[in-house]
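Observations on the three-dimensional arrangement
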Amino acid sequence: MQNNSIICRILAVLCSVLLCLLVMASCSEKPVVSDIPYNNDSNLPSMNSGAAVENQRYSLYWDDQYKAILLYDKNTNVCWSSTPYEYYLEMSEYPDATLSSHITVSYIEEASNQLKVIDSYNGAVINGRISCQKIAKGIEVTYFFDELKISIPVQYLLTDKGMEARIIVNRISEGKERVYDVSLLPYLASVKGDTKNSYLFVPSGSGALMYTDVGDRDMRVYSEETYGEELSKITYEKFITPETVRLPVFGAKAGDNALFGIVSKGAGSSTIFAQAGSYGDGYSQVGVTFRIRGRDIIEIPDLVGRKVASDRFSAQRVDTDYMSVLYHPLYGEDATYAGMAKEYARYLTEVEHMNNNAANPPLYIEFLGGALSTKQFLGIPYKTLNVATTFEDVEIILKDVMDTTGVKPFVKLSGFGESGLDIGKVSGNYRFGKGMGGVNGLRALSKFCTAQKIPLFMDFDLMQFSKSGNGFSIRSQGAYGANNIITPQYRFAVNSLGVDESSERYVLLQRGLLAKSANKLLRKSSKLALPGVSFTTLSSKAYSDYSNRRYFAKNQMDVDVTAIYESFKKSGHEILADQANDYAATKANYIAGSPTRSSGYASLDLDVPFYQMVFKGYIPLAVSPINLAEEPEVQYLKAIETGSALSFTVTNTFDFSFVKSSFSGFLASLYKDLKPEIQTKLEKSADYLQKVQNAKITAHRTIANGVTETTFDNGVKSYVNYNPSVHKIPDGTIIPPRDFVYME
């Protein structure tokens, strides 16, 4: 018996080793060597120092001695440099490597399969391995990292508004070591530590400032992926932040000057980083990192059966020509976050063709249709849809809202599909939930809203699904992670940060099938009597799909969503974008769920309403629901601060099964309970919201702790006091606690 036991143990160990080898073999992928040959030539192209290109406003200079890029404004005599300009003027023969680097590269070391970091000064410049040559509208610099056999070309182009920097991704040369990401011009947008009236702007949620003081506290570091964390990646724990980055922008203010950055291509692959209050080099900085490869984990069983996680990187790079950032200098009154918002709105209007001058209704209502619950028949569990609101209920409530407030809201219907708010088949199986009123019910509601001039939108989830149907298979048509498997998605529990075990696993639709999903809905739109449409998940989430290089690193999500939006608009549908990323917001007719706070990281000093400052007066927008906020009164004041629509989530009935639902919105949304609050808040703010309904925000500032001032382009000024005590503004006007006043 003892011998048998020993033999069994040996066999178990051998099986474990064999299984481990099989898993590794199945998950391994040989790195793809770049087809761009590495240039070992010692005679690299070079340029003499001086102005490489000029236009009426700016000059782009190259300093060959210090290998520096300089953007000079002829009108203001202000210069922005790849090396902080103050430091550049005093540079010695042996400059600081960190401050003198144009790019920083994270690469995958072949031997260890771990990420390592190298900067362009230590890896290329110090070895004389940098080329520079003039091209149309600028210069091209290539950084040769001989030790790694990696070369990265970057173009610096002069524009009418400043400069554009491009990483030429499809000409990166690699050997056995592979590039994971590249940080571009990390010190171009920087501020010397002792500069007065200075800060960094980062686009976390609504927007936030990081003060650049040095000495009073520790250095603060910030980093957030644009459009949220990578979804096509295995995750079992998740720290849930209230907001994420929805606008691919950043900025640095240094006294009366500022530099504003716009990620103009490759935003989905970017991460915004910032460092404030640095002791080491004395500069605060903000910039962008571009990811050109995917990263995930694979789990390999060890000898005793435990799963060990190991990094897995995609063998190939993302399929794109370049990724780029626009750098626009701002001066005087525009050298503020308000000036940055104004510049971004101009860019979105001129380049992305954003709507202009749309009146903002004072009220937005989201109706919840229902959710699935588990019941039993003869001990066998089954799912059934519990209806909270029917199409007829919506019409009755809207009539009551208009009768009691005189206001006509814009409206979204959420969770009216076959599975309610729960994730089921793609787009709720393109059917309405049983008991909600069907096509005839929606037609009647749509007819009523059209007669009353109430914008009505039906929400559809084109990208998340947990069941196969309508030509979409959960087993074979989900988005792939960098580990070459379809990535499962989970809901996460706020209290434990782990997977919510009560929720059902789902997947994301392959990126190449999003257009098919949208076209199927578009074909059914006339039969379903669809009014306007809303795509909350498509508006707010970006993800990769490693089944196709085009979709690596969240690439081209903006292009795909824009194409879907345009197809619906051409068919006569208006679009509401909820919690919208920039590409969705600019193409929408209405915006709901606009962020009113940042991610809340400790490195951020002050939240600002940058998001609303960009879109207010261009596209009607509403804040997130007041009744679902942690502090409803604060959320109400956030709407007032920017002249945004008041927002409420509403149901007609409540069922006890909703207590067990993953959607907490059911617990505080019963209309009969909310009616007095809606009426009171509208009565209090209706006149003010009417006066600023067409207005754009021209200035915003915090005049005291917890007290803000907003200036609109029609002359109206609003003051909001978030404090529990009264506040007196300079003209003597008293603002009551947690209240507001406005002046014309």
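Because the structure is predicted, anything quoted here is derived from the model rather than measured. (Residues numbered from 1 in each chain as written. Predicted model: local features only at pLDDT ≥ 70, side-chain atom pairs only at ≥ 80, totals over all residues. Heavy atoms only, no water.)

With 15 residues, helix α6 (residues 438-452) should reach 21 Å at 1.5 Å per residue; the first-to-last C-alpha distance of 21 Å fits that figure. When α6 is considered as a whole, its buried residues turn out to be G441, L442, L445, S446, F448 and C449. Looking straight down α6, one finds that the buried residues subtend no more than 160° of arc, so they occupy a single side. Every exposed residue of α6 that faces more than 90 degrees away from the buried side is listed here: N440, K447, T450 and A451. Where α6 is buried, its residues contact α5 (391-405), β26 (410-414) and β27 (456-459). The first or second residue beyond α6 is K453, which carries a positive phi of 60°. (Helix = DSSP H or I, 4+ residues; strand = E, 2+ residues; numbered from the N terminus. Expected span 1.5 Å × (residues − 1). Buried < 20%, exposed > 50% of the residue type's maximum accessible area, 1.4 Å probe, protein only. Arc of directions from axis to C-beta. Contact = heavy atoms within 4.5 Å.)

The next thing to look at is the packing of helix α7 (residues 514-524) against helix α9 (residues 557-570). Each pair of packed helices can be described by the angle between their axes along with the distance between the axes. Taken N-terminus to C-terminus, the directions of α7 and α9 make an angle of 15°; their axes are 10 Å apart at the nearest point. Between α7 and α9, the angle falls in the class roughly parallel. In this structure, α7 meets α9 at a crossing whose hand is right-handed. Facing α7, whose interface residues are L514, A515, A518, L521 and L522, α9 presents M557, I564, S567 and F568. Broken down by class, the residue content of the contact of α7 with α9 amounts to eight nonpolar, one polar and no charged. (Axes fitted to C-alpha atoms, helices over the stretch in contact; angles between N-to-C directions. Parallel < 35°, antiparallel > 145°, perpendicular 65-115°, else oblique. Left-handed = near helix turned anticlockwise from the far one by under 90°. Nonpolar A, V, L, I, M, F, W, Y, C, P; charged D, E, K, R; others polar.)

Moving on, we come to the pattern of salt bridges. Going through the model one piece at a time under the given rule, you end up with 33 salt bridges. A salt bridge links D146 to R129; its shortest N-O distance comes to 2.8 Å. One end of the pair, D146, is in the loop between β8 (138-145) and β9 (150-159); the other, R129, is in the loop between α3 (120-123) and β7 (130-135), and 17 residues separate them in sequence. With a relative accessible area of 28%, D146 lands in the partly exposed category. One salt bridge in this structure joins E677 and K681, with 3.4 Å as the shortest N-O distance. (Salt bridge = Lys/Arg side-chain N within 4 Å of Asp/Glu carboxyl O.)

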